[in-house]
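Okay, here's what each chain looks like letter by letter:
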Amino acid sequence: MKWLDNLPIRTKLTFITVLSCTISLFLASTVMITYDNHTYRKQKQKEITAQAEILATRMVASLEFEDPAAAQEYLNPFAINPEIAAAAVYTAKGKLFASYSRSGIRTAPAVSEEKGKYYKKNELIVFWPVLHKQRQVGSVYLHAIIEPLISRATRYSGIAFLALIASLIITLPIAMRIHYAIANPVYARSLIEASLDPMVTINPEGTITDVNAATIKVIGKSRLELVGTDFFRYFTEPNKARESYEQVFANGFVTDYPIIIWRSDGSLTPVLFNASVYKDESGKVLGVFAAARDVTAQKQAEKEIRLHAVALQTANQELEAFSYSVSHDLRTPLRAIDGFSQAVLEDYSEKLDDQGKNYLQRIRSATQRMGQLIDDMLDLSNISRVEMRHATVNLSALASDVVLELQNNEPNHIVECQIESGLTTVGDDSLLRIALSNLLGNAWKYSGKTNKPIVKFGMKQDSNGKKEFFVSDNGVGFDMAYADKLFCAFQRLHSISEFPGTGVGLAIVQRVIHRHGGSIRGEGVLGQGATFYFSLPE
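Residues numbered from 1 in each chain as written. Predicted model: local features only at pLDDT ≥ 70, side-chain atom pairs only at ≥ 80, totals over all residues. Heavy atoms only, no water.

Trainee: Just checking my understanding: could you explain helix 2 (residues 68-75) for this structure?
Mentor: Along helix 2, the positions that sit buried rather than exposed are Ala-70, Ala-71 and Leu-75. Viewed end-on, helix 2 has its buried residues packed into an arc of 145°, placing them on one side of the element. (Buried < 20%, exposed > 50% of the residue type's maximum accessible area, 1.4 Å probe, protein only. Helix = DSSP H or I, 4+ residues; strand = E, 2+ residues; numbered from the N terminus. Arc of directions from axis to C-beta.)

As structure tokens, then:
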């Protein structure tokens, strides 16, 4: 009966009324049918037995004078009695003397069974002795057909069903009116008590008619103290509260009306006031149903957000200052180191041995790599701060431009590039170009040592039907055991001697995709290539 818990209380009461009436009428009908059947069979047994006794009295002379014709005359009138199916008279020795049977009904037995009276399904059989001077001179037999129990039960069930319909037609409207009177106050009480927010009902004059436990807690007064008092007196601005109340009657409702409750202990509780009128069945306004959402925590959260925003703005300013310092102050000494190293190599080449030249070349390589690292760090930092401009972006065209640039930069590196056409999305064109440049650049780089390198860009659907773009290659791949390090800055799964780079490219890609509200993942097998899937909100 758990389904009954979710029904409205009026429906529950109506259901209980109908169920009670149905059960009561069913039990009454069952008792009536059972009792009627019992009395009916008893009555029929008495009637047939009386007829058998009367017939036995009349058969004395016929049996004594051995006159079957006279006995037959007494049996023939049973033809007008529809209940008697067969009748017979037997001699003292049990032999058939005279008999009668209705057409289509089995005839009387040839020999008297001397069994008294008994029921056989819907048949009543009576054997009655014929006595003369305390001596049995024969017996009579009556076979009666009794109306079946199921037939009587069906008839009474029909009567009971009609009685049930009639009783429901008469009592249901009355019950529903009573239920409405009972359920409405109960439902209203359970409704306002179920809320964690303060809730009150107010009459048209502005007097509180009911409150819930949350209201008692917020105001700090009992229900008896609150009911019957002026609703507006519990606010720091009574006139503003009255204006909101008048607005409810004017518009039928008011939503998120900011106001402050004045607690009995003097403390204040900021709330958002929501209210609407409620009416009776005729449409007459009975009052206002009001709820107040405590926004103390929200106000505190807004204050903390403002403080965090100021702190974040300060941090961003410091980060911008740091970025400026990195992009200018640190580049200057790096360029000086690289430039002077190159000058030494060019101007004093004859005075340096091979080892010295090698040292200078390594210094230049390190400074150039550090310069590239600074550029990547700045790119990674700028991805989070750049303002996004959403528009329809042709990813297939972007991928083709990136591949063309890669081919121009490395004309001797022959790669088969397969780019699916017509792939579009909505996003920031410049940021998505950066993401594709890094993904396709990695695929180009890590497939460089393959005999027939293949780089693919396309789109497929995952097992949930979600659209995913992908960039794949048949290069060196990677061990999936280290997949959690793929998108971490400066984390490399291959040494610099094998493949140059700073380890920031995939971190930049992830930041771009996340700024679009999408997701990215990578799959790879050592020696068989890698595939990176990314999805963007449609």
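Trainee: What is the right way to look at the packing of aromatic side chains in this model?
Mentor: Two measures describe an aromatic ring pair: the distance that separates the ring centres and the angle between the ring planes. Applying the stated rule across the entire model yields eight aromatic pairs. Measuring from centroid to centroid gives 5.0 Å for Phe-127 and Tyr-141, while their planes differ by 45°, and the two rings are tilted. Taken together, the residues Phe-127 in strand 4 (residues 123-132) and Tyr-141 in strand 5 (residues 135-145) connect sequence positions 14 residues apart. The same class applies to Phe-127 and to Tyr-141, which are both buried. Pairwise contacts between aromatic rings join Tyr-90, Phe-127 and Tyr-141 into one cluster. In this structure, Arg-521 is placed above the aromatic ring of Tyr-533, and the distance from its NZ or CZ to the ring centre is 4.3 Å. (Phe/Tyr/Trp six-rings, centres within 6.5 Å; stacked < 30°, edge-to-face > 60°. Lys NZ or Arg CZ within 6 Å of the ring centre and 35° of its normal.)

Trainee: Is there a simple way to think about the sheet that holds strand 1 (residues 84-91) in this case?
Mentor: Within a beta sheet, neighbouring strands are joined by backbone hydrogen bonds and run either parallel or antiparallel to one another. The five strands are arranged 2-1-5-4-3 in an open sheet whose pairing can be described as antiparallel. Edge positions in the open sheet fall to strand 2 (96-101) and strand 3 (117-120), since each of these has one partner strand only. Going from strand to strand, the sheet's axes swing by 15° on average, the running direction of each strand aside. For strand 1 and strand 2, the ladder comprises five bridges, and the chain directions are antiparallel. Bridge pairing in strand 2 links Tyr-90 to Leu-96. Strand contacts of helix 2: strand 1 and strand 2, with the helix running at about 25° to strand 2, the strand carrying the most contacts. (Pairing = 2+ DSSP bridges. Axes fitted to C-alpha atoms, helices over the stretch in contact; angles between N-to-C directions. Contact = heavy atoms within 4.5 Å.)

Trainee: What am I meant to see in the sheet that holds strand 14 (residues 454-461) here?
Mentor: Taken in spatial order, the five strands make up an open sheet running 12-14-15-17-16, and their pairing is mixed. Each having just a single partner strand, strand 12 (416-419) and strand 16 (519-525) make up the two edges of the open sheet. Geometrically, the sheet is characterised by an average inter-axis angle of 20° between neighbouring strands, direction not taken into account. In the sheet, strand 15 (residues 467-473) pairs with strand 17 (residues 529-535) via five bridges, with the strands oriented antiparallel. Bridging from a neighbouring strand, Phe-469 pairs with Phe-534 of strand 17. The sheet strands contacting helix 9 (residues 395-409) are strand 12, strand 14 and strand 15, and the helix crosses strand 12 at an angle near 165°.

Trainee: Can you help me understand the pattern of salt bridges in this one?
Mentor: Two side chains of opposite charge can pair, provided their charged atoms sit close to one another. Counting across every chain of the model gives ten salt bridges. The partner of Asp-210 in a salt bridge is Arg-223, with the nearest N and O atoms 2.9 Å apart. You can see Asp-210 sitting in strand 7 (residues 208-211) and its partner Arg-223 sitting in helix 5 (residues 223-226), a full 13 residues away along the chain. Taking the relative accessible area as the measure of exposure, Asp-210 reaches 10% and is therefore buried. (Salt bridge = Lys/Arg side-chain N within 4 Å of Asp/Glu carboxyl O.)

Trainee: Looking at this structure, I do not really get the nonpolar core. What am I missing?
Mentor: Soluble globular proteins tend to pack their nonpolar side chains together in the buried interior. One finds Leu-395, Leu-436, Leu-440, Phe-457, Phe-532 and Phe-534 to be the most contacted residues of the largest nonpolar core, which totals 36 residues. Mapped by element, the contributors of at least two residues to this core are helix 9, helix 10 (429-446), strand 14, strand 15, helix 11 (505-515) and strand 17. Sequence-distant contacts of Leu-440, defined by excluding residues within four places in its chain, comprise Ala-399, Val-402, Val-403, Leu-406, Val-455 and Val-471. Counting residues in each nonpolar core, the second largest holds 25 residues, with Leu-63, Tyr-100, Leu-124 and Val-130 among its members. (Core = buried A, V, L, I, M, F, W, Y, C linked by side-chain atoms within 4.5 Å.)

Trainee: Where do I start with unusual backbone geometry in this structure?
Mentor: Here the phi dihedral of Glu-66 falls at roughly 50°; this positive angle occurs in a residue that is not glycine. Here Glu-66 is to be found in the loop between helix 1 (9-64) and helix 2. Of the residues examined, Glu-66 reaches a relative accessible area of 65% and is grouped as exposed.

Trainee: What is the right way to read the confidence of the model for the chain from this model?
Mentor: Close inspection of predicted coordinates is inappropriate in any region flagged by low pLDDT. The predicted model of the chain averages 79 in pLDDT, with 81% of residues at 70 or higher. Least confident of the elements in the chain is helix 3 (residues 149-194), whose mean pLDDT is 66; most confident is strand 15, at 91. (pLDDT = per-residue confidence, 0-100.)

Trainee: Would you mind showing me how to read empty space enclosed by the protein here?
Mentor: Under the counting rule described, the total for this entry stands at one cavity of 30 Å³ or more. Lining the largest cavity are 14 residues, with Val-200, Thr-215, Phe-231, Phe-235 and Ile-261 sitting closest to its centre. Counting only elements with at least two residues in the lining of the largest cavity, the list comes to helix 4 (213-219) and strand 10 (285-294). (1 Å grid on protein atoms, 1.4 Å probe; cavity = no way out; pocket = protein on both sides within 12 Å on 5 of 7 lines; lining within 4 Å. Points joined across faces, edges and corners; volume = space filled by probe spheres on them.)

Trainee: Explain a nonpolar patch on the surface here, please?
Mentor: A surface patch of nonpolar side chains, amounting to about 540 Å² of accessible area, comprises Phe-161, Leu-162, Ile-165, Ile-169 and Ile-170. By the secondary structure assignment, Ile-170 is in helix 3. Judged by its relative accessible area of 57%, Ile-170 is exposed. (Patch = residues over 30% accessible without salt bridge, like charges linked within 9 Å, V, L, I, M, F, W, Y side chains within 5 Å. Areas by Shrake-Rupley, 256 points an atom, 1.4 Å probe, with all protein chains shown as cover.)

Trainee: Where do I start with helix 10 in this structure?
Mentor: Residues that lie three or four places apart on an α-helix share one face, since the helix turns once every 3.6 residues. For helix 10, built from 18 residues, the straight-helix expectation of 26 Å at 1.5 Å per residue is met to within 8% by its first-to-last C-alpha distance of 26 Å. Here helix 10 has its buried residues at Leu-431, Leu-432, Ala-435, Leu-436, Leu-439, Leu-440, Gly-441, Asn-442, Ala-443, Trp-444 and Tyr-446. (Expected span 1.5 Å × (residues − 1).)

Trainee: In this structure, what is going on with the environment of Ile-84? I would like to understand it.
Mentor: For Ile-84, the position within the fold is in strand 1. Overall, the relative accessible area of 0% leaves Ile-84 in the buried class. The spacing of Ile-84 and Ser-101 is 17 residues in sequence and 8.3 Å in space, taken between C-alpha atoms. Discounting chain neighbours no more than four positions away, the residues touching Ile-84 are Ile-48, Gln-51, Phe-78, Tyr-100, Arg-102, Leu-142, His-143 and Ala-144.

Trainee: Teacher, can you tell me more about the side chain of His-516 here?
Mentor: Within the secondary structure, His-516 sits in the loop between helix 11 and strand 16. Overall, His-516 belongs to the buried group, its relative accessible area being 8%. Of the polar contacts made by the side chain of His-516, one reaches the backbone oxygen of Val-512; its length is 2.8 Å. (Polar contact = N/O pair within 3.5 Å; in protein donor to acceptor, adjacent residues only side chain to side chain.)

Trainee: It is not clear to me how the packing of helix 9 against helix 10 should be interpreted in this structure. Could you clarify?
Mentor: In helix packing, the relevant descriptors are the interaxial angle and the interaxial distance, both defined with respect to the helix axes. One way to put it is that helix 9 packs onto helix 10 with a least axis distance of 9 Å and a crossing angle of 50°. Taken as axis vectors, helix 9 and helix 10 run oblique relative to one another. By crossing handedness, the relation of helix 9 to helix 10 is classed as right-handed. Contacts between helix 9 and helix 10 involve Leu-395, Leu-398, Ala-399, Asp-401, Val-402, Val-403, Leu-406 and Gln-407 on the former and, on the latter, Asp-429, Leu-432, Arg-433, Leu-436, Ser-437, Leu-440, Gly-441 and Trp-444. Of the residues assigned to the contact of helix 9 with helix 10, the class counts are ten nonpolar, three polar and three charged. (Parallel < 35°, antiparallel > 145°, perpendicular 65-115°, else oblique. Left-handed = near helix turned anticlockwise from the far one by under 90°. Nonpolar A, V, L, I, M, F, W, Y, C, P; charged D, E, K, R; others polar.)

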